[in-house]
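Coordinate inspection notes
One letter stands for each residue in the lines below.
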Amino acid sequence: MRFPHPLALLTAVVFAAAALSYVLPAGEYERRDDPETGRSIVVPGTYQEVEANRIGVFDAIVAIPRGMADRADVVFLIFLIGGAFAVFDATGALRRGIAWLVERLEGREILAIPVVSLAFATGGVTENLQEEIIPLVPALMLLTKRLGYSPMVGVAVSAGSAFVGSAFSPINPFQVLTAQEVADVAPLSGSGFRLLFLAIALGLWIWWTMRYAASTRVGPEMGEESGRDAAGPEAAMGWRDLTIFGIVASTFGILVWGLLRLGWDFDHMSALFFVMGVVVGIVGRLGITGTAEAYAQGFKSMGYAALLIGFANAIYVVMDDARIIDTIVRGLFIPLAELPLALSAIGMSAAQGVLHFAVPSVSGQAVLTLPVLVPLSDLLGLSRQITILAYQYGAGLCELITPTNGALMAILAASGVRYEAWLRFVVPRYLMLMALGAVALVIAIAIGYS
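Residues numbered from 1 in each chain as written. Predicted model: local features only at pLDDT ≥ 70, side-chain atom pairs only at ≥ 80, totals over all residues. Heavy atoms only, no water.

Side note on the overall build of the protein
Along the backbone of the protein there are 19 helices and four strands. Against the compact-globule benchmark of 22 Å for 450 residues, the protein has a radius of gyration of 22 Å, which places it among compact chains. Its C-alpha atoms give the protein principal-axis dimensions of about 70 × 50 × 45 Å. A buried classification covers 56% of the 450 residues belonging to the protein. In the protein, the share of contacts with a sequence separation of at least 24, taken over all contacts with a separation of at least 6, comes to 81%. If you sum the accessible surface of the protein, you get close to 18,400 Å²; carbon and sulfur atoms cover 64% of it. On the protein, the mean spot of the 27 positive side-chain charges and the mean spot of the 35 negative ones are 7 Å from each other. (Helix = DSSP H or I, 4+ residues; strand = E, 2+ residues; numbered from the N terminus. Rg over C-alpha atoms; globule rule 2.2 N^0.38 Å. Buried < 20%, exposed > 50% of the residue type's maximum accessible area, 1.4 Å probe, protein only. Contact = heavy atoms within 4.5 Å. Areas by Shrake-Rupley, 256 points an atom, 1.4 Å probe, with all protein chains shown as cover. Lys, Arg positive; Asp, Glu negative; His and termini not counted. Charge placed at Lys NZ, Arg CZ, Asp CG, Glu CD.)

Details of the confidence of the model for the protein
Per-residue confidence for the protein gives a mean pLDDT of 87; residues scoring 70 or more make up 95%. Low pLDDT, under 50, characterises residues 219-234; the predicted model gives this stretch 15 contacts beyond four residues in sequence or across chains. (pLDDT = per-residue confidence, 0-100.)

Structural notes on the environment of Ala-294
Mapped onto the elements of the fold, Ala-294 is located in helix 13 (residues 287-321). Separated by 211 residues in the primary sequence, Ala-294 and Gly-83 place their C-alpha atoms 6.7 Å from one another.

Looking at the layout of surface pockets
Here the second largest pocket is characterised by a volume of approximately 890 Å³. The wall of the second largest pocket is formed by 28 residues, among which Leu-94, Ala-119, Phe-120, Leu-136 and Phe-245 lie closest to the centre. Secondary structure elements with two or more residues in the lining of the second largest pocket: helix 3 (72-90), helix 4 (93-104), helix 5 (112-127), helix 6 (137-147) and helix 11 (239-261). Looking at which element gives the most residues to the lining of the second largest pocket, the answer is helix 5, with eight residues. (1 Å grid on protein atoms, 1.4 Å probe; cavity = no way out; pocket = protein on both sides within 12 Å on 5 of 7 lines; lining within 4 Å. Points joined across faces, edges and corners; volume = space filled by probe spheres on them.)

With respect to unusual backbone geometry
The phi torsion of most residues other than glycine is negative, and most of the peptide bonds are trans. One non-glycine residue, Asp-184, lies in the positive phi region at around 60°. Among the structural elements, Asp-184 can be located in the loop between helix 8 (176-182) and helix 9 (191-216). Even without being glycine, Arg-285 reaches a positive phi, approximately 60°. Along the polypeptide, Arg-285 turns up in the loop between helix 12 (266-283) and helix 13.

A few points about the side chain of Thr-291
Looking at the secondary structure, you find Thr-291 in helix 13. Residue Thr-291 is classed as buried on the basis of its relative accessible area, which comes to 8%. Here Thr-291 is in contact with Val-87, Gly-277, Val-278, Gly-281, Ile-282 and Leu-286, once residues within four sequence places are set aside.

Some thoughts on the pattern of salt bridges
Applying the stated criterion to the full structure yields eight salt bridges. Residue Glu-109 pairs with Arg-217 through a salt bridge whose shortest N-O separation is 3.6 Å. Here Glu-109, found in the loop between helix 4 and helix 5, pairs with Arg-217, found in the loop between helix 9 and helix 10 (220-230); they are 108 residues apart in sequence, far enough to count as distant. Judged by relative accessible area, which is 13%, Glu-109 ranks as buried. (Salt bridge = Lys/Arg side-chain N within 4 Å of Asp/Glu carboxyl O.)

Some details on the side chain of His-356
Inspection of the secondary structure assignment puts His-356 in helix 15 (residues 341-356). Residue His-356 is classed as buried on the basis of its relative accessible area of 0%. In this structure, His-356 is in contact with Ser-361, Val-362, Gln-365, Ala-395, Cys-398, Glu-399, Thr-402 and Thr-404, ignoring residues within four places of it in sequence.

Description of empty space enclosed by the protein
A complete count under the given rule lists one cavity of 30 Å³ or more for this structure. When its volume is computed, the largest cavity comes out at roughly 60 Å³. Lining the largest cavity are Ala-112, Ile-113, Val-116, Leu-140, Leu-143, Thr-144, Leu-147, Tyr-149, Val-153 and Val-157. Considering every element that reaches the lining of the largest cavity, the biggest residue donor is helix 6, with four residues. Across the lining of the largest cavity, the residue classes break down as nine nonpolar, one polar and no charged. (Nonpolar A, V, L, I, M, F, W, Y, C, P; charged D, E, K, R; others polar.)

Quick look at a nonpolar patch on the surface
Nonpolar side chains collect at one region of the surface, where Phe-15, Val-57, Phe-58, Ile-61 and Val-62 lie side by side and expose about 450 Å² of accessible area between them. Per-element accounting of the nonpolar patch gives the leading share, four residues, to helix 2 (residues 57-70). For Phe-58, the location among the structural elements is in helix 2. Judged by its relative accessible area of 61%, Phe-58 falls in the exposed class. (Patch = residues over 30% accessible without salt bridge, like charges linked within 9 Å, V, L, I, M, F, W, Y side chains within 5 Å.)

Examining the packing of aromatic side chains
With the rule as written, the count across this model stands at 16 aromatic pairs. Taking the centre distance of 4.8 Å and the plane angle of 35° together, the rings of Phe-168 and Tyr-393 count as tilted. Here the residue Phe-168 occupies a position in the loop between helix 7 (151-167) and helix 8, and Tyr-393 occupies one in helix 17 (residues 384-398), the gap between them amounting to 225 residues. Comparing Phe-168 with Tyr-393, the two get one shared label, buried. Ring pairs connect the aromatic residues Phe-85, Phe-88, Phe-245, Phe-252 and Phe-273, which therefore count as one cluster. Between Arg-217 and the ring centre of Tyr-149, over which it is positioned, the NZ or CZ distance is 5.8 Å. Arg-429 extends its terminal NZ or CZ atom over the ring of Phe-425, reaching a point 4.1 Å from the ring centre. (Phe/Tyr/Trp six-rings, centres within 6.5 Å; stacked < 30°, edge-to-face > 60°. Lys NZ or Arg CZ within 6 Å of the ring centre and 35° of its normal.)

See the structure below:
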C-alpha cells in the first residue's frame, strides 16, 4: 500500500472530517474555565444535542489557513528553532561533533543507538519533545549515514524514542501533569510506578531499534569509507566547538526548568531558542550578517514542516466547527461503564488512541476527556490515577502512528521516509507497547494504585 504525499493525505483527511459532519449528530458539553490549568474544561453530565453545522467543501478548505493560524505559536516555534539550529550548523561545530562521534564509535557503531535514543527519550520525558526534533533531522541523517544505518533508524532513535518517553513519562508537563491537574490528583504522584514501566518501554524500544539497525546496516565498505571521511582535519574539535555544544545543552536545561518551574508556553520556548541562535552565531564567529543569513536559511528549510502542522490542525478545526468532537467523546467512553473494571480501563486506553486521530493535542485531549472520565471512574470504583494512565498510554502512544500528528509527518518528510514504510516498521511495535500499557493497567488495578 502506498500513501499519497503528506500534504495530499492530510487534505484528504480534512475532507473526510467534513464528511463526518453529515453523518454524526452534533452535540456539546457545557464548559467552565479552570483556574488551575488556565483552560476551558468540560462539565460532565451536561451533553446535549445541538443544531447541526454541516461543513461544505469550501469551508473545509478555509479550515486549512485557520488551522495554521490556530497553531501559530507552534509554527513560529518551528521557524525559530529551525533558524537557531541552522546557525549551529553554519558554525561547523555540529558536523565536526558528528565526525568526532563517528570516529570514536568505529567498530562499535551499534552503541550510538542507545546513546542517541536515550537523549531524545529524555526530551520526551521532560518536555514532550516533538517539533523541536524537526531542525535536527539533517544532522541525524548525516550521523546515521556515516554510521551505515538507514534513515528509518534516524527516525526511530529520535521521534520514536521521544514519543515513547512522553507516553510513559511521570513528569511530562503537557501530558501527565496537565491530566493530574484536571483530575484533581496531586502533581507527580504515582511516579514510581510510571518510572518502572517507562524503563521497560524504553528498554524494549531501544532493543527493537538496535535489532533493526543491525539487520539493515550497509556493508562494511561504506562504513569504513564514512569513517575515513570523518577522520580528516575537519573532525578536530576545538574549545570554540565545545563552548557551542555547551550553549546548546544549557539551552535545553533552561527549557526544562522553564517548563516545569515557570509554566513557560511556546512563545517562551521560541524566544529561548532565538537567543541560543544569536549567542551561538557570535561565539562561532559568524558575525551579525552571517547569523542573520543562517537564520533565513533555517526559516526556509522549516517552511514545509510548518505547513504540515497547520494542515494537521485543520482536521480538528473542521470537527470542532461541526460540533461533533463531544459526540465522539461521549460515544467512545460512555459504553465503557458496562464493562468489567480491567476491561473498562483497557477500553479507555484504546478509546483515547482512537480519539487522538481527531484531537492531535495531548494536553487538549486531557482537558476534553478527563472531566468526562473522572466521574465515570469514581462511579466504577476505578482509581483516577489509573484513568490518567489509560489516557497517557492511549493518546501518547498514538503519536507514533497518526497522520494527524504534524510533527511526525514533518520528521518523516524531512528524513525521506515514506509514511507507509514507517507504518510497516512501527505498527507491530506500537501494538506491543499498547499491550504493555494494558498489562500496566491490570497490575495497577490489582495493587490498588492510586
